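These are the residues of each chain, in order.
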Amino acid sequence: MAIDKDAIREHVRGILAALGDDPDREGLKETPDRVARMYEEVFEGMNYTNHEIAMMFNKSFKDDLCVGADKKDIVLVRDIPIFSYCEHHIALMYDMSVSVAYIPKDKVLGLSKIARICDMASKRLQLQERIGSDIAEIMCEAAETEDVAVIIHGTHSCMSARGIKKDAASTVTTTFRGRFETDSSIQSQLTMMLHA
Ligand SMILES: Nc1nc2c(ncn2[C@@H]2O[C@H](COP(=O)(O)OP(=O)(O)OP(=O)(O)O)[C@@H](O)[C@H]2O)c(=O)[nH]1
Ligand SMILES: [Zn+2]
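Note that this is a predicted model, so its numbers are computed, not measured.

Brief notes about the pairing of strand E6 (residues 148-156)
Reasoning step 1: For E6, a buried count of eight out of nine residues is recorded, marking the element as mostly surrounded by other parts of the structure.
Reasoning step 2: With eight bridges connecting them, strand E3 (residues 92-102) and E6 associate as antiparallel partners. If you follow Ser99 over to E6, its bridge partner there is Ile151.
Reasoning step 3: Across seven bridges, the pairing between E6 and strand E7 (residues 171-177) is antiparallel. Residue pairing across strands places His153 opposite Val172, the latter belonging to E7.

Section: the sheet that holds strand E2 (residues 75-86)
Reasoning step 1: Reading across the sheet, the five strands line up as E5-E2-E3-E6-E7 and stay open at both edges, with mixed pairing between neighbours. The open sheet has two free edges, formed respectively by strand E5 (125-126) and E7, since each of these has just one partner strand.
Reasoning step 2: Seen against the sheet, helix H8 (residues 184-195) touches E2, E3, E6 and E7 and runs at an angle of roughly 75° to E2.

A few points about the UniProt feature "binding site: Zn(2+)" (unreviewed entry) in the chain
Reasoning step 1: Under the UniProt annotation, the feature "binding site: Zn(2+)" (unreviewed entry) is placed at Cys86, His89 and Cys158. A stretch of 73 residues holds the annotated residues, and the largest C-alpha distance among them is 8.1 Å, short enough that they meet in one place.
Reasoning step 2: With respect to the helices, strands and loops of the structure, His89 is situated in the loop between E2 and E3.
Reasoning step 3: The residues touching His89, leaving out its near neighbours within four places in the chain, are Cys158 and Arg162.
Reasoning step 4: On the secondary structure map, Cys158 appears in helix H6 (residues 157-160).
Reasoning step 5: For Cys158, a relative accessible area of 12% puts it in the buried group.
Reasoning step 6: Every residue in contact with Cys158, bar those within four places of it in the chain, is listed here: Cys86, His89 and Ala91.

Digging into the pattern of salt bridges
Reasoning step 1: Throughout the structure, instances matching the rule amount to 17 salt bridges.
Reasoning step 2: We note a salt bridge from Glu26 to Lys29, for which the minimum N-O separation is 2.9 Å.
Reasoning step 3: Judged by its relative accessible area of 62%, Glu26 falls in the exposed class.
Reasoning step 4: In this structure Lys29 comes out as partly exposed when scored by relative accessible area, which is 45%.

Remarks on the environment of Ala101
Reasoning step 1: Tracing the chain through its elements places Ala101 in strand E3.
Reasoning step 2: Through-space distance from the C-alpha of Ala101 to that of Asp147 is 8.3 Å; in sequence the pair is 46 residues apart.
Reasoning step 3: Setting aside residues no more than four positions away along its own chain, Ala101 makes contact with Ile74, Val75, Leu76, Asp147, Val148, Ala149, Phe180 and Leu190.

Cut-offs and rules
Residues numbered from 1 in each chain as written. Chains lettered and ligands numbered in written order. Predicted model: local features only at pLDDT ≥ 70, side-chain atom pairs only at ≥ 80, totals over all residues. Heavy atoms only, no water. Buried < 20%, exposed > 50% of the residue type's maximum accessible area, 1.4 Å probe, protein only. Helix = DSSP H or I, 4+ residues; strand = E, 2+ residues; numbered from the N terminus. Pairing = 2+ DSSP bridges. Contact = heavy atoms within 4.5 Å. Axes fitted to C-alpha atoms, helices over the stretch in contact; angles between N-to-C directions. UniProt positions renumbered as here; feature names shortened; annotations may be inferred. Salt bridge = Lys/Arg side-chain N within 4 Å of Asp/Glu carboxyl O.

In structure tokens form, the structure reads like this:
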């Protein structure tokens, strides 16, 4: 479903008025339109399903090097910066970075596509945990493998700029699929690579 920019403009105007301000004053008169354009950009991922994102970013290369069901060679793209918005407060998650690991089966995925998948999955109203599971699901489909790990570090402005105000607190989440969940030697190898 496409984002309805007209409705966003109208509702933002209503919020400005509800805050007691004048939506028609010089500094605010373009704000509803700016917010609608910003939401279109930062929530782009809400226009697509995980399956559609996997189909968008599945450019890959067949390579003899990675063929073989028992292979344990890990590809890790580390520290991909992203932004997202929490679905509880529509507050910014910032200082976020994602590390994505997978074990290629019959093909290797273009590296930039991994970063594009992270970007698109985070451009939704999200929970940090769900960003991890969305990226893992999309990666499994795009790379045609069951073995995926996603590690996310993030700071939530709803916890730092308001409420409990713990600005030094950051949240780390892991999402392990396939052999990253079950094989301790693969887990150790990933830990070593994350800290190398
Ligand atoms: N698990 C999880 N929780 C989140 C995430 N983003 C925000 N939250 C939490 O969502 C919860 C919403 O709690 P509520 O009690 O309904 O909201 P609130 O009254 O604003 O709560 P406080 O933040 O404690 O003031 C808070 O504990 C947030 O910290 C996220 O990505 N994952
Ligand atoms: Zn929040």
